[in-house]
Amino acid sequence: MITIDTFTRVLDLGGTFVFAISGALAAVNRRLDLFGILVLSFVAGNFGGITRDVLIGAVPPAALTNGLYLLVSVIAGLITFLAYAGIDRLRSPVLMFDAVGLSFFAVAGTQKALAFGASPVTAALLGMLTGIGGGMTRDVLLREIPQVLRSDLYAVAALAGAAVVVGGSEIGASYGWSALAGGALCLGIRFMAI
Amino acid sequence: MITIDTFTRVLDLGGTFVFAISGALAAVNRRLDLFGILVLSFVAGNFGGITRDVLIGAVPPAALTNGLYLLVSVIAGLITFLAYAGIDRLRSPVLMFDAVGLSFFAVAGTQKALAFGASPVTAALLGMLTGIGGGMTRDVLLREIPQVLRSDLYAVAALAGAAVVVGGSEIGASYGWSALAGGALCLGIRFMAI
Amino acid sequence: MITIDTFTRVLDLGGTFVFAISGALAAVNRRLDLFGILVLSFVAGNFGGITRDVLIGAVPPAALTNGLYLLVSVIAGLITFLAYAGIDRLRSPVLMFDAVGLSFFAVAGTQKALAFGASPVTAALLGMLTGIGGGMTRDVLLREIPQVLRSDLYAVAALAGAAVVVGGSEIGASYGWSALAGGALCLGIRFMAI
């Protein structure tokens, strides 16, 4: 049986990977060069989690103490650069990877907050913030109005996913099932909206 | 006699309410839908206080541990949505609610920082940052140059109000009178400038 | 022999001064008035260091507990205002002061993180974030796509400088020499790119 720590870490790195791809794709759309792409991969992939860690007092944040986060972000950026640089605007892939990242982070953020002893309301809000933080920073740095303000069901999707995880923890469900249910709900709501 | 904790909490929630309205009005101006309006209400109403709490080490921030902040923000957003959605640009109401929120937060931020043992200079700077943080984030998310950079007497008003509260604490004045004097000064300076 | 604390403080204040000038120049370019210039001086000069202090748990941040940071920022803003207000756009001076500030902060950020017990990887990443934070916030507030995304060798320069400082600490070199080598490398890479 894997521990909650390992489980959260894997979710977190998964979210970092897909959000980093969304950041890299957005950077490719703006015709940034390789370095700009890598910076935006790191920012999109890690600012949500860094914000969560700061808000629960887990400093220095995992994204800075564990080199894997940087490595995963750089790999995501390089893959995107090699596969997509030079081709035309890719709006919907950005949104798709963003939606998957949102689900990963909403779940991982909530579970990490619960593990740090946050109350149910706090954990759900932190899960939501973890989910929306990376994409919000990505869009602000590229001077776009963030998805979270433009899209009908973005923050709501993250909050719903986080609430399922909190509910699962309250009724004593395993964190694996809670994560699966919360993530699926978040992803389902987002895909409905896209 | 109410305690300083209760007093700060009430000021904080009042500031959250009016800043949330300023955020919702700005979102209405940009023709965002209901969800975008609610997100911007929460951001404008709470990012100043969240920043202050992070800076003094009071984590998780009150805005996330106490469901009232979310509730107050959502109510402010809903009221604004029901009353104003669909009508034309409202520049001066945004500025007016923003000015009231600035005063509330400059005072509440300073008093909370003093209660956490901050030195006079630190408390005044934290009060200023608490005041300007929410509106700054609101404007950045909407891709506008923040009021705090465009308006003559924005940061100065917050700093003056915060300084009065610090001064009041130094000479042993009651926090009620300090808050009233500081808030009135901040509001007066801002109204002069609008 | 000066202590590492004093040494970091001096580097930090030097970085604050030059970054504050870069912020003030950018504000002059945008025709902001004196108050806007001073706010942007403070933001550009201090948000990198504030971010670093929050991320390592050194709260309240030095920039808020020590009045010198505010003083240095205001002086930098006033000098810039008196010398440059009214003249035409100054793109390359902004970049030049920005590059010097980047070097100061990358080095000071890394050394402060090491002094707080951060691991080598963490210290290097924190040094990089300290370096890029102030300029990134300056550009976001002025609605420009940040230098760190537009310029080939911005984050890389900061990371290289930080890595040299970490390497110097690992092999037991004096922090003075490490700082000099790291700062020179960072500055050299940036000047190559400008």
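Keep in mind the model is a prediction, meaning the values are calculated, not measured.

Describing the overall build of chain A
When helices and strands are counted, chain A shows 9 helices and 0 strands. Ordering the α and β elements of chain A from the N terminus gives α-α-α-α-α-α-α-α-α. Overall size of chain A, expressed as C-alpha extent along the three principal axes, is 50 × 35 × 30 Å. When burial is assessed residue by residue, chain A has 60% of its 194 residues classed as buried. Sequence-distant contacts, at least 24 apart, represent 78% of the contacts inside chain A between residues at least 6 apart. Accessible surface for chain A amounts to roughly 7,000 Å². Of this, 71% is attributable to carbon and sulfur atoms. Where the 11 positive side-chain charges of chain A centre and where its 10 negative ones centre are 6 Å apart.

Remarks on the packing of aromatic side chains
All told, the structure shown has 6 aromatic pairs over all chains when counted by the stated rule. A ring pair is formed by phenylalanine 19 of chain B and phenylalanine 105 of chain B, whose centres lie 5.5 Å apart and whose planes are at 20 degrees; its orientation type is stacked. On the criterion of sequence distance, the pair formed by phenylalanine 19 of chain B in helix H1 (residues 4–29) and phenylalanine 105 of chain B in helix H5 (residues 91–115) is long-range, its members being 86 residues apart. Residues phenylalanine 19 of chain B and phenylalanine 105 of chain B agree in their burial class; the two are buried. On the basis of an interplanar angle of 45 degrees and a centroid distance of 5.3 Å, the ring pair of phenylalanine 7 of chain C and tyrosine 175 of chain C is categorised as tilted. Taken together, the residues span a long stretch of sequence, with phenylalanine 7 of chain C in helix H1 (residues 4–29) and tyrosine 175 of chain C in helix H9 (residues 175–193) at a distance of 168 residues. Taking the relative accessible area as the measure of exposure, phenylalanine 7 of chain C reaches 17% and is therefore buried.

Looking at the interface of chain A and chain C
Accessible area lost when the parts come together is the quantity often used to give the size of an interface. On the chain C side, the residues contacting the 22 residues of chain A number 22 residues. Ranking the residues of chain A by area buried against chain C places Phe35, Leu64 and Leu141 of chain A at the top, with a combined share of 31%. In this assembly, chain A and chain C are joined by 0 salt bridges. At the boundary of chain A with chain C, the tally comes to 2 residue pairs in polar contact (both at pLDDT 80 or more). Among the elements of the structure, helix H2 (34–56), helix H3 (62–65), helix H4 (67–84) and helix H6 (120–141) of chain A are those that each provide at least two residues to the side of chain A that touches chain C. In terms of residues, the side of chain A that touches chain C owes the most to one element, H2 of chain A, which gives 7 residues. When grouped by side-chain class, the residues that make up the side of chain A that touches chain C number 16 nonpolar, 3 polar and 3 charged.

Some words on the interface of chain C and chain B
Every contact between the two is made by 22 residues of chain C and, on the other side, 22 residues of chain B. For chain C, the biggest contributors to the area lost against chain B are Phe35, Leu64 and Leu141 of chain C; these three give 32% of the whole. Summed over the shared surface of chain C and chain B, the number is 0 salt bridges. Joining chain C to chain B, the criterion identifies 2 residue pairs in polar contact (both at pLDDT 80 or more). Of all the secondary-structure elements, those providing two or more residues to the side of chain C that touches chain B are helix H2 (34–56), helix H3 (62–65), helix H4 (67–84) and helix H6 (120–141) of chain C. The biggest single contributor to the side of chain C that touches chain B is H2 of chain C, with 7 residues. Here the side of chain C that touches chain B is built from residues that sort into 16 nonpolar, 3 polar and 3 charged.

Thoughts on the packing of H2 of chain A against H6 of chain A
All names here are of chain A. At a minimum axis distance of 8 Å, the contact between H2 and H6 shows a crossing angle of 140 degrees. With respect to the hand of their crossing, H2 and H6 are arranged in right-handed fashion. Here Leu40, Val43, Ala44, Phe47, Gly48, Gly49, Arg52, Leu55 and Ile56 of H2 lie close against H6, whose contacting residues are Leu126, Leu129, Thr130, Gly133, Gly134, Thr137, Arg138 and Leu141. For the contact of H2 with H6, a count of residues per class yields 9 nonpolar, 6 polar and 2 charged.

Side note on the relation of the copies chain C and chain B
Mapping between the two copies of the chain is achieved by a rotation about an axis and a shift along the axis. Here chain C sits on chain B after a turn of 120 degrees about the axis and a move of 0.0 Å along it, with an RMSD of 0.0 Å. Here the symmetry operator amounts to a three-fold rotation axis. Considering only C-alpha atoms, the residue of chain C closest to the rotation axis is arginine 143 of chain C, which sits at 3.8 Å. The two copies present different faces, since only 14% of the interface residues in chain C are matched by interface residues at the equivalent positions in chain B.

A look at the environment of glycine 183 of chain B
Residue and element names in this part refer to chain B. For glycine 183, the location among the structural elements is in helix H9 (residues 175–193). Along the sequence, glycine 183 and leucine 38 sit 145 residues apart, while their C-alpha atoms lie 27 Å from each other. The contact partners of glycine 183, leaving out residues within four places of it in the chain, are Ser103 and Val107.

Topic: H1 of chain B
Residue and element names in this part refer to chain B. A rise of 1.5 Å per residue sets the reference length of H1, with its 26 residues, at 38 Å; its end C-alpha atoms lie 37 Å apart and thus fit the reference within 8%. With 20 of 26 residues buried, H1 lies mostly within the body of the structure. Of the residues one or two after H1, arginine 31 is the one with positive phi, at around 60 degrees.

Points about the relation of the copies chain A and chain C
Structural alignment of chain A on chain C gives an RMSD of 0.0 Å, achieved by rotating through 120 degrees and translating 0.0 Å along the axis. When the interface residues of chain A are mapped onto chain C, a mere 14% of them again lie at the interface, so each copy presents a different face.

Considering the nonpolar core
Counting 155 residues, the largest nonpolar core has Leu149 of chain A, Leu149 of chain B together with Leu149 of chain C as the members making the most contacts within it. The residues contacting leucine 149 of chain B, other than those within four sequence positions of it, are Leu32, Gly36, Val39, Leu40, Leu141 and Leu142 of chain C.

Digging into the pattern of salt bridges
Overall, the coordinates contain 21 salt bridges over all chains when judged by the stated rule. Between arginine 52 of chain B and aspartate 12 of chain B there is a salt bridge, with its nearest N and O atoms 3.2 Å apart. Linking arginine 52 of chain B in helix H2 (residues 34–56) with aspartate 12 of chain B in helix H1, this pair joins segments that are 40 residues apart in sequence. A relative accessible area of 2% means that arginine 52 of chain B is categorised as buried. One salt bridge in this structure joins aspartate 139 of chain C and arginine 138 of chain C, with 3.0 Å as the shortest N-O distance.

Considering the packing of H6 of chain A against helix H8 (residues 155–170) of chain A
All names here are of chain A. At a closest axis distance of 8 Å, the pairing of H6 and H8 adopts a crossing angle of 140 degrees. Between H6 and H8, the angle is such that the two are oblique. Where H6 crosses over H8, the two elements pack in a sense that is right-handed. Facing H6, whose interface residues are Pro120, Ala123, Ala124, Gly127, Met128 and Ile132, H8 presents Ala155, Ala158, Leu159, Ala162, Val166 and Glu170.

Rules of the game
- Residues numbered from 1 in each chain as written.
- Chains lettered and ligands numbered in written order.
- Predicted model: local features only at pLDDT ≥ 70, side-chain atom pairs only at ≥ 80, totals over all residues.
- Heavy atoms only, no water.
- Helix = DSSP H or I, 4+ residues; strand = E, 2+ residues; numbered from the N terminus.
- Buried < 20%, exposed > 50% of the residue type's maximum accessible area, 1.4 Å probe, protein only.
- Contact = heavy atoms within 4.5 Å.
- Areas by Shrake-Rupley, 256 points an atom, 1.4 Å probe, with all protein chains shown as cover.
- Lys, Arg positive; Asp, Glu negative; His and termini not counted.
- Charge placed at Lys NZ, Arg CZ, Asp CG, Glu CD.
- Phe/Tyr/Trp six-rings, centres within 6.5 Å; stacked < 30°, edge-to-face > 60°.
- Buried area = accessible area lost by both parts, 1.4 Å probe.
- Salt bridge = Lys/Arg side-chain N within 4 Å of Asp/Glu carboxyl O.
- Polar contact = N/O pair within 3.5 Å; in protein donor to acceptor, adjacent residues only side chain to side chain.
- Nonpolar A, V, L, I, M, F, W, Y, C, P; charged D, E, K, R; others polar.
- Axes fitted to C-alpha atoms, helices over the stretch in contact; angles between N-to-C directions.
- Left-handed = near helix turned anticlockwise from the far one by under 90°.
- Least-squares fit on C-alpha atoms with pLDDT ≥ 70 in both.
- Expected span 1.5 Å × (residues − 1).
- Core = buried A, V, L, I, M, F, W, Y, C linked by side-chain atoms within 4.5 Å.
- Parallel < 35°, antiparallel > 145°, perpendicular 65-115°, else oblique.

By themselves these figures say nothing about function.
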